[in-house]
Amino acid sequence: MTSKPKALYHTFGCKLNFAETASVEKIFRERGVETAAPKETPDIVVINSCSVTAEADRKCRSFIRSLHRRYPEASILVTGCYAQLKPQEVSELDGVALVAGVNSKLMLADYLDRRMAEGDFRPEVPEAKDLTEFMPSCSRGDRTRYFLKVQDGCDYWCTYCTIPKARGRSRSGTIAQIREQAEKAAAEGGKEIVITGVNIGDFGHGREDNFLDLCRELDRVDGIERYRISSIEPNLLTDELIDFVGASRAFMPHFHIPLQCGDDEVLALMRRRYGTELFRNKIERVRRVLPDAFIGVDLIVGARGETPGRFESSRAFVDSLDISHLHVFPYSERPGTRALQIEYAVSQEEKHRRVGIMTAMSAEKHRRFAERFIGTVRPVLLEHSRPGLPLGGFTDNYLR
């Protein structure tokens, strides 16, 4: 390495990963590791990986190989969910100097120093059952927006999901700890905070406080003009929380609610903790309290057990909802999940067809939602512009 080592950072996956990568970068800078500028050759490459699908694993592997070809002398450090779930596979990729589990991200610098000194490059990955400590992080997305991690892990064990194996048990920071980070973001000029986590509605699990208590406290932080709640489970989106957002100073009329399937039989096979009736009630409650709210919905198509009849049931249910956008994902087989025990499997061609149907529905719903506001005036928080592009931003209800 040079006297002033330089590091390159790359993040795959969710907003939570981006928040954690920013914390890693900050720690490295404090240790004298500069962030590599464009076209500079890094001494260290940090990859925060994702493993939500088999395709995510493949992209991570491909990217690691391409980085090693481009920077053959660089030490590649891999962390995140893919590293947690398949540490040996990752460690055998050329150029990888260190593999660290999800709760070891903020200790990467210490691990690297020790491993370099000792010449020991075995993966540093604790088992998921041992992931009990909450590691705080907050990242700046641009000049105005920050991503604030408030919770990690999940206890739900849906049949198709590997996240509990990768992230461990549900755990969260304290309200005081989270408020302090929000105040720091405000002091740095942050105006908007996106609240992130694996299952943020489970904040405070095992304690007397809860997610609503956290939101009330954050609403009091001076300088932050907007909060957005990232994905929250429908069974944890309480009526009290919806009412709070409707009356709050800074929480925006914007919800992201995972449905995953609009058929009750498939939801049961997935071991989701709600049915379509509860989901519809939540959407209708949001519309009553916040008629102009943006409502994004996650949807998995082609899951095991989703017969043609069940897909049609799901399609019809989703079509009947007054929502703004769909995040559509084709079901991905994941080794070790209970979903593999479900006999009925959907072909790749049929998954592709169903994705097309639901994506087209999403485009139409988003168009209709946006057209509601033609001729109206809404508040926009302007963001840092890129060279050659006009200044832009989002309305309170997430219209660009």
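Quick caveat, the model's predicted, so the values are computed rather than measured.

Caption draft 1: Representation of the pattern of salt bridges within the structure. Summed over all chains, the structure comprises 39 salt bridges. With a closest N to O distance of 3.1 Å, D152 and K149 form a salt bridge. With a relative accessible area of 1%, K149 lands in the buried category. Connected through shared salt-bridge partners, E20, K149, D152, R167 and R171 make up one network.

Caption draft 2: Summary view of the sheet that holds strand β13 (residues 294-301). Taken in spatial order, the three strands of this open sheet run β12-β13-β14, and their pairing is parallel. Of all the strands in the sheet, just β12 (254-260) and β14 (325-330) have a single pairing partner and so form its edges. Strand-to-strand twist in this sheet, taken as the mean axis angle between neighbours without regard to direction, amounts to 20 degrees. Where β12 and β13 come together, six bridges link them in parallel fashion. Bridge pairing links H256 to G296 in β13.

Caption draft 3: Inspection of the packing of aromatic side chains at higher detail. For the structure shown, the criterion picks out nine aromatic pairs. Between Y227 and F251, the aromatic rings sit 4.8 Å apart at their centres with planes inclined by 20 degrees, giving stacked as the arrangement. You can see Y227 sitting in strand β11 (residues 226-229) and its partner F251 sitting in the loop between α9 (239-247) and β12, a full 24 residues away along the chain. One exposure class covers both Y227 and F251, and it is buried. When the centroid spacing of 5.2 Å and the interplanar angle of 65 degrees are considered together, the rings of F244 and F251 count as edge-to-face.

Caption draft 4: Focus on the environment of G309. Its location among the elements puts G309 in helix α12 (residues 308-319). Considering only alpha carbons, one finds G309 and I295, 14 residues apart in sequence, at a separation of 26 Å.

Caption draft 5: Layout of α12. With 12 residues, α12 should cover 16 Å at 1.5 Å per step; its first-to-last C-alpha distance of 16 Å lies within 8% of that length. Within the span of α12, buried status applies to F311, S314, F317 and V318. Take α12 and look down its axis: the buried residues cluster within an arc of 125 degrees, on one side only. For α12, exposure combined with an orientation more than 90 degrees from the buried face picks out P308 and G309. Against the buried residues of α12 lie β12, α11 (276-289), β13, β14 and α13 (348-371).

Caption draft 6: Region of interest: a nonpolar patch on the surface. On the surface, a nonpolar cluster with roughly 270 Å² of combined accessible area is contributed by V380, L382 and L391. Here L382 is to be found in strand β15 (residues 380-382).

Caption draft 7: Structural detail: helix α7 (residues 175-187). In a regular helix each residue adds 1.5 Å, so 13 residues correspond to 18 Å; α7 covers 18 Å between its end C-alpha atoms and thus fits that length. Restricting attention to buried positions, one finds in α7 the residues I175, I178, Q181, A182 and A185. Buried positions in α7, seen along its axis, are confined to an arc of 130 degrees and lie on one side of it. Among the exposed residues of α7, those pointing more than 90 degrees away from its buried face are A176 and A187.

Caption draft 8: Structural detail: the pairing of strand β4 (residues 75-80). For β4, a buried count of six out of six residues is recorded, marking the element as mostly surrounded by other parts of the structure. Neither face of β4 is exposed, since S75, L77 and T79 on one face and I76, V78 and G80 on the opposite face are all buried. Sheet topology note: the strand β3 (residues 44-49)/β4 ladder contains six bridges and is parallel. Bridging across to β4, V46 finds its partner in L77. Taken together, β3, helix α2 (residues 54-70) and β4 constitute a β-α-β crossover, and its handedness is right-handed.

Caption draft 9: Spotlight on the side chain of E192. Mapped onto the secondary structure, E192 falls in strand β10 (residues 192-196). Given the relative accessible area of 1%, E192 is considered buried. Side-chain polar atoms of E192 contact the side chain of R145, separated by 3.1 Å. Non-local contacts of E192, meaning those with residues more than four positions away in its chain, are made with T144, R145, Y146, R226, R228 and L381.

Rules used in this analysis
- Residues numbered from 1 in each chain as written.
- Predicted model: local features only at pLDDT ≥ 70, side-chain atom pairs only at ≥ 80, totals over all residues.
- Heavy atoms only, no water.
- Salt bridge = Lys/Arg side-chain N within 4 Å of Asp/Glu carboxyl O.
- Buried < 20%, exposed > 50% of the residue type's maximum accessible area, 1.4 Å probe, protein only.
- Pairing = 2+ DSSP bridges.
- Helix = DSSP H or I, 4+ residues; strand = E, 2+ residues; numbered from the N terminus.
- Axes fitted to C-alpha atoms, helices over the stretch in contact; angles between N-to-C directions.
- Phe/Tyr/Trp six-rings, centres within 6.5 Å; stacked < 30°, edge-to-face > 60°.
- Expected span 1.5 Å × (residues − 1).
- Arc of directions from axis to C-beta.
- Contact = heavy atoms within 4.5 Å.
- Patch = residues over 30% accessible without salt bridge, like charges linked within 9 Å, V, L, I, M, F, W, Y side chains within 5 Å.
- Areas by Shrake-Rupley, 256 points an atom, 1.4 Å probe, with all protein chains shown as cover.
- Right-handed = clockwise from strand over helix to strand, strands pointing away.
- Polar contact = N/O pair within 3.5 Å; in protein donor to acceptor, adjacent residues only side chain to side chain.

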